[in-house]
Amino acid sequence: MNLQRKLNYRNSANSLSILRLFLGLPLILLLSQNKIFLAWCLLIIGALTDWLDGFLARKAGGGSSWGAKIDPLADKIMSLAPLLWISQLKIFPIWAIWLLISREIFITAWRSNSPKDTSASIDAKLKTTLQFLSFLLILWPKEIAINNLPIPFNELGYTLLWAAILMSIFSAIRYINNQ
């Protein structure tokens with residue numbers, strides 16, 4: 001693959017990460033105004049652009065060092081909006097949300113200052129996947145009703161959020177132990 005094509009893939013991946021950075025504010029505004037369907041759509045756009053920017057970076061043979069710093073920040077911003085919304089509803093223990101947010105801040109700061117390669121581990125990717133899947137299920141819009149389910153999607157979402165919290169702790173410990 002020629003150098004220009006690789007550069008185009010990397011630039012496109014970086015642009016998608018920047019887009020995700022700016023989706024956090026409209027997401028929290030939509031949630032605060034109880035516009036769940038639109039918030040859910042933005043969350044799907046965020047998840048798809050996260051997947052696509054990773055795909056493009058791999059296609060380029062690796063992302064840029066700038067993109068490696070912006071991508072996790074964009075993920076944190078996208079996940080912070082639903083966490084803040086969930087916390088203000090008082091439908092999930094605030095200490096669990098605090099634990100998740102604290103881990104994100106700590107590991108992001110640690111990774112950005114580490115002299116070693118600290119690209120996202122498989123554990124951290126699984127944590128992020130569980131987190132976004134839980135948000136999508138918790139926010140499942142009433143406009144997309146699927147009747148006769150044995151477990152409502154939002155309850156399954158809360159279960160997956162607990163799994164994401166456990167994976168968050170596990171991946172943080174693994175990051176620190178592997179330094």
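What you see is a predicted model, and the numbers here were worked out from it, not measured in a lab.

(A) Quick peek at the packing of aromatic side chains. Applying the stated rule across the entire model yields eight aromatic pairs. Judged by centre distance (6.1 Å) and plane angle (75°), the rings of Phe132 and Phe135 are edge-to-face. Here Phe132 pairs with Phe135, and both are found in helix H5 (residues 122-138), just three residues apart, close to one helical turn. The buried category is assigned to Phe132, whose relative accessible area is 8%. A ring pair is formed by Trp140 and Phe153, whose centres lie 4.4 Å apart and whose planes are at 65°; its orientation type is edge-to-face. With Trp140 in the loop between H5 and helix H6 (153-177) and Phe153 in helix H6, this pair connects stretches of sequence that are 13 residues apart.

(B) View of the packing of helix H1 (residues 3-32) against helix H3 (residues 65-89). Running from N to C, H1 and H3 cross one another at 10°; their axes reach a closest spacing of 8 Å. Classified by the angle between their axes, H1 and H3 sit roughly parallel to one another. Broken down by class, the residue content of the contact of H1 with H3 amounts to 16 nonpolar, five polar and three charged.

Thresholds, definitions, all that
In this numbering scheme, every chain counts its residues from 1 along its sequence in written order. Residues qualify for local features only when their pLDDT is at least 70, as the model is predicted, and side-chain atom pairs are given and counted only at 80 or more; totals for whole chains, interfaces and linings, by contrast, use all residues. By convention in this description, side-chain values take in all heavy atoms of the structure and omit both hydrogens and water. Two rings belonging to Phe, Tyr or Trp (six-membered ring only in the last case) form a pair when the distance between their centres is within 6.5 Å. Interplanar angles under 30 degrees mark stacking, angles over 60 mark edge-to-face geometry, and anything in between is tilted. Only DSSP runs of H or I covering at least 4 residues are called helices, and only runs of E covering at least 2 are called strands; the numbering of each starts at the N terminus. In this scheme, a residue with accessible area under 20% of its type's maximum is buried, one over 50% is exposed, and one in between is partly exposed, where area comes from a 1.4 Å probe on protein chains only. Axis angles are defined between N-to-C directions and span 0 to 180 degrees, where every axis is a line fitted to C-alpha atoms and, for a helix, only to the segment in contact. In these notes the angle categories are as follows: under 35 degrees is roughly parallel, over 145 is roughly antiparallel, 65 to 115 is roughly perpendicular, and the rest is oblique. Amino acid classes used here: Ala, Val, Leu, Ile, Met, Phe, Trp, Tyr, Cys and Pro are nonpolar; Asp, Glu, Lys and Arg are charged; the rest, including Gly, are polar.

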